[in-house]
Amino acid sequence: MTLPGVLLLDAVGPEAGFLAEAAAVRGHKVHAATTAAAYTGYGPGLTGVLAGHIVTDFARPDRALAELAAYARRRGVGAVLTVNEYLTELAARLCAELGVPGNDPGRAQAARDKAAMAEAFTAAGVRVPYTVLARDDSELQAALADRRGGFPCVVKPLSAAGSAGVTVVNGPVGAAEAADSARAAVGMYASGGDSRVLVQAYVAGAEYSVESLTQDGTTTHLAVTRKRVTGGARRVETGHSLPVSLPPAVQAAVYQEVETAIQAAGVRHGASHTEVIVGEDGRCTVIEIGARLAGGQIGVLIQHALGIDVWSALLDIALGRPAAFAPTSCGYATVRFVTSPRSGRLTSLSGLPRTGPGVPFVRCRTTIGAIVNEPGANGHRLASFVVTGSSATEVEERADAQFRQIRIQVEPQPVPDSSARADR
Ligand SMILES: Nc1ncnc2c1ncn2[C@@H]1O[C@H](COP(=O)(O)OP(=O)(O)OP(=O)(O)O)[C@@H](O)[C@H]1O
Ligand SMILES: [Mg+2]
């Protein structure tokens, strides 16, 4: 019997690599849809797994849809997946076109465009920060003067990611610069020139994300993840840890908001990553949803802490087969991200741990001699490593100790402002 082929929209990055490998190991022919530029970066590890690929232009989604649908039909594709934030809407449309399990294409924009997200969440009754869309400078001034918002507020782009162009603004003085930065944060396949920004009320509290899998419209929450974020105007994620146990009433409230958000974004078959802030009063506000598995190695954390094979589960959901979500272990895992203390030229980076027992994943994304930035967006992070074990205290202590070993030297050098890079 020939197994259905599996098409990955953009196969760059560790998460896509794990998915491709899981599908190939199970005997599926794995195909990638990619841009010409991205394909040049596909290493032999990935191309060795692929049965085929199609080069398309994701910046022209209608044309990409037609090309991918024709390719998928020709090559016997029975499952379409993506872990790329920017391609979740196209994935939903392609699944619908091919008649394979996928998300509601009519709602998929709500997980991509933060103005559409705010509208869909508000209509569904999800608790969200007060959000105003400002289409130009006069609307920006009006939004800043709006008494329902006030300062601090958060100025952010509509459809970037990785915290690019997101600024916490404490007063009118920094607002124009924040809006410029949001406008400059062009998403991966967008061409720029959009003058719109969002002005959002600042929500104080602890930041979490909820990692969920939905099959046939029924959602299972795999874990609550605690997010570490830099303070100040630019909020860059510096770590994730899971599983977190919240007080039962708080967890119930979080899950309720998240489930409504998942439905509002049309997630029917697949993963979602919902970011929330829980205030001191225990109230949960949803900051955003991604209709995909979380980035930042959270899939690796789930796999190692909870023993859930997220890659196989995602594959089964995409193929329309019963998926296994149940934890098979009760450990704990954390990922730490390494950032540069200042902008300049990287002259040395030492002390990163090696993979081994209790450290299943280490990734360095830079090279000596590269220009690095002080953290302004997630794309500025230099390296990451995952630490796993049986208890939260032990794992966090070990991760902190490993982190203290890391030494970074950066030589001053004029650095072009690349804080707007919408990297994942
Ligand atoms: N309304 C808000 N109140 C408080 N903090 C916020 C708010 N909106 C955003 N932030 C902070 O800014 C960070 C980035 O914002 P947001 O998640 O909206 O952008 P993003 O680019 O989609 O992020 P990513 O892709 O990294 O998840 C959040 O993780 C949070 O720390
Ligand atoms: Mg976010």
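What you see is a predicted model, and the numbers here were worked out from it, not measured in a lab.

Caption draft 1: Highlighting the sheet that holds strand E19 (residues 407-411). Strand order in this open sheet of 3 strands is E17-E15-E19, and the pairing throughout is antiparallel. Looking at strand neighbours, the two that pair on one side only are strand E17 (371-372) and E19, the edges of this open sheet. Two elements, strand E15 (residues 344-350) and E17, share 2 bridges in a ladder whose sense is antiparallel. Bridge pairing in E17 links Gly-344 to Val-372.

Caption draft 2: Seen up close, the coordination of the magnesium ion (ligand 2). For the magnesium ion (ligand 2), the protein coordination sphere consists of Glu-275 (OE) and Glu-288 (OE), at 1.9 to 2.0 Å. Within this pair, whereas Glu-275 is found in strand E12 (residues 270-278), its partner Glu-288 is found in strand E13 (residues 284-290), the two being separated by 13 residues in sequence. Judged by its relative accessible area of 10%, Glu-275 is buried.

Caption draft 3: Region of interest: the packing of aromatic side chains. What the rule picks out here adds up to 5 aromatic pairs. Taken together through their ring pairs, the aromatic side chains of Phe-58, Tyr-86 and Tyr-189 make up a single cluster. Seen from the ring of Tyr-208, Arg-226 lies directly overhead, with NZ or CZ sitting 5.4 Å from the centre. Sitting over the face of the ring of Phe-337, Arg-381 holds its NZ or CZ atom 3.7 Å from the ring centroid.

Caption draft 4: View of the pairing of strand E6 (residues 153-156). Of the two faces of E6, both are covered, the one formed by Cys-153 and Val-155 as well as the one formed by Val-154 and Lys-156. As paired elements, E6 and strand E7 (residues 167-169) share 3 bridges and run antiparallel to each other. Its bridge partner being in E7, Cys-153 is matched across the sheet by Val-169.

Caption draft 5: Examining the site of ligand 1 more closely. Taken together, the neighbourhood of ligand 1 is formed by 22 residues, with Lys-114, Lys-156, Gly-162, Ser-163 and Glu-207 sitting nearest. At a separation of 2.6 Å, an oxygen atom of ligand 1 approaches a polar backbone atom of Gly-162. At 2.6 Å from an oxygen atom of ligand 1 is found a side-chain nitrogen or oxygen belonging to Glu-207. Relative to its unbound accessible area of 610 Å², ligand 1 is 97% covered by the protein chains. Counting only elements with at least two residues in the shell around ligand 1, the list comes to E6, strand E8 (197-201), strand E10 (218-229), E12 and E13. When its residues are assigned to classes, the shell around ligand 1 shows 10 nonpolar, 4 polar and 8 charged.

Caption draft 6: Representation of the sheet that holds E6 within the structure. Read from one edge to the other, the open sheet built from 4 strands follows the order E5-E8-E6-E7, with strand pairing classed as antiparallel. The sheet terminates laterally at strand E5 (131-134) and E7, the two strands that pair on one side only. Ignoring strand direction, the axes of neighbouring strands in this sheet form an average angle of 25°.

Caption draft 7: Just the nonpolar core, in detail. Counting residues in each nonpolar core, the largest one holds 45 residues, and the members touching the most others are Leu-81, Leu-213, Leu-242 and Ile-302. Of all elements in the fold, only strand E1 (5-9), helix H1 (14-25), strand E2 (30-34), strand E4 (77-81), E10, helix H10 (298-306), helix H11 (310-319) and strand E14 (332-338) reach the threshold of two or more residues within this core. In terms of residue count, H11 provides more of this core than any other element does, 8 residues in total. Apart from the residues within four sequence positions on either side, Ile-302 is in contact with Glu-211, Leu-222, Leu-242, Gly-307, Ile-308 and Val-310. If you look at the next biggest cluster of nonpolar residues, it comprises 25 residues, including Phe-121, Tyr-208, Val-250 and Ala-264.

Caption draft 8: Representation of H11 within the structure. In terms of burial, H11 is a largely internal element, 10 of the 10 residues being buried. Among the residues of H11, those classed as buried are Val-310, Trp-311, Ser-312, Ala-313, Leu-314, Leu-315, Asp-316, Ile-317, Ala-318 and Leu-319. Count one or two residues on from H11 and you reach Gly-320, which has phi positive near 80°.

Caption draft 9: Structural view of the packing of helix H6 (residues 114-124) against helix H9 (residues 248-264). Packing of H6 against H9 brings their axes to within 9 Å, and their N-to-C directions diverge by 120°. On the basis of the axis angle, H6 is oblique to H9. The handedness of the crossing between H6 and H9 is right-handed. Mapping the contact onto sequence places Ala-120, Phe-121 and Ala-124 in H6 and Thr-260, Ala-261 and Ala-264 in H9. Within the contact of H6 with H9, the residues separate by chemical class into 5 nonpolar, 1 polar and no charged.

Caption draft 10: Region of the structure containing the side chain of Glu-275. In terms of polar contacts, Glu-275 uses its side chain to reach the side chain of Lys-227, at 3.0 Å. The contacts of Glu-275, once residues within four sequence positions are left out, are Tyr-208, Ser-209, Lys-227, Glu-237, Thr-285, Val-286, Ile-287 and Glu-288.

Caption draft 11: Expanded view of the domain arrangement of the chain. According to the domain assignment, the chain consists of domain 1 (5-100), domain 2 (105-126 + 203-330), domain 3 (130-201) and domain 4 (332-416). With 17 residues of domain 2 at the interface, the matching set in domain 4 holds 20 residues. Approximately 1,600 Å² of surface area, both sides summed, lies buried where domain 2 meets domain 4, with 56% of it carried by carbon and sulfur atoms. At the surface where domain 2 touches domain 4, the tally comes to 1 salt bridge. For Arg-228, the salt bridge identified is with Glu-396, shortest N-O distance 3.5 Å. Here domain 2 is connected to domain 4 by 10 residue pairs in polar contact (both at pLDDT 80 or more). Only strand E11 (237-242) and H10 provide two or more residues apiece to the side of domain 2 that touches domain 4. Per-element tally for the side of domain 2 that touches domain 4: the top contributor is E11, with 6 residues. Across the side of domain 2 that touches domain 4, the residue classes break down as 7 nonpolar, 7 polar and 3 charged.

The rules behind the values
Residues numbered from 1 in each chain as written. Chains lettered and ligands numbered in written order. Predicted model: local features only at pLDDT ≥ 70, side-chain atom pairs only at ≥ 80, totals over all residues. Heavy atoms only, no water. Pairing = 2+ DSSP bridges. Helix = DSSP H or I, 4+ residues; strand = E, 2+ residues; numbered from the N terminus. Donors = N, O, S within 2.8 Å, 3.2 Å for Na, K, Ca; no water. Buried < 20%, exposed > 50% of the residue type's maximum accessible area, 1.4 Å probe, protein only. Phe/Tyr/Trp six-rings, centres within 6.5 Å; stacked < 30°, edge-to-face > 60°. Lys NZ or Arg CZ within 6 Å of the ring centre and 35° of its normal. Near = heavy atom within 4 Å. Polar contact = N/O pair within 3.5 Å; in protein donor to acceptor, adjacent residues only side chain to side chain. Areas by Shrake-Rupley, 256 points an atom, 1.4 Å probe, with all protein chains shown as cover. Nonpolar A, V, L, I, M, F, W, Y, C, P; charged D, E, K, R; others polar. Axes fitted to C-alpha atoms, helices over the stretch in contact; angles between N-to-C directions. Core = buried A, V, L, I, M, F, W, Y, C linked by side-chain atoms within 4.5 Å. Contact = heavy atoms within 4.5 Å. Parallel < 35°, antiparallel > 145°, perpendicular 65-115°, else oblique. Left-handed = near helix turned anticlockwise from the far one by under 90°. Domains from an automatic or database assignment. Buried area = accessible area lost by both parts, 1.4 Å probe. Salt bridge = Lys/Arg side-chain N within 4 Å of Asp/Glu carboxyl O.

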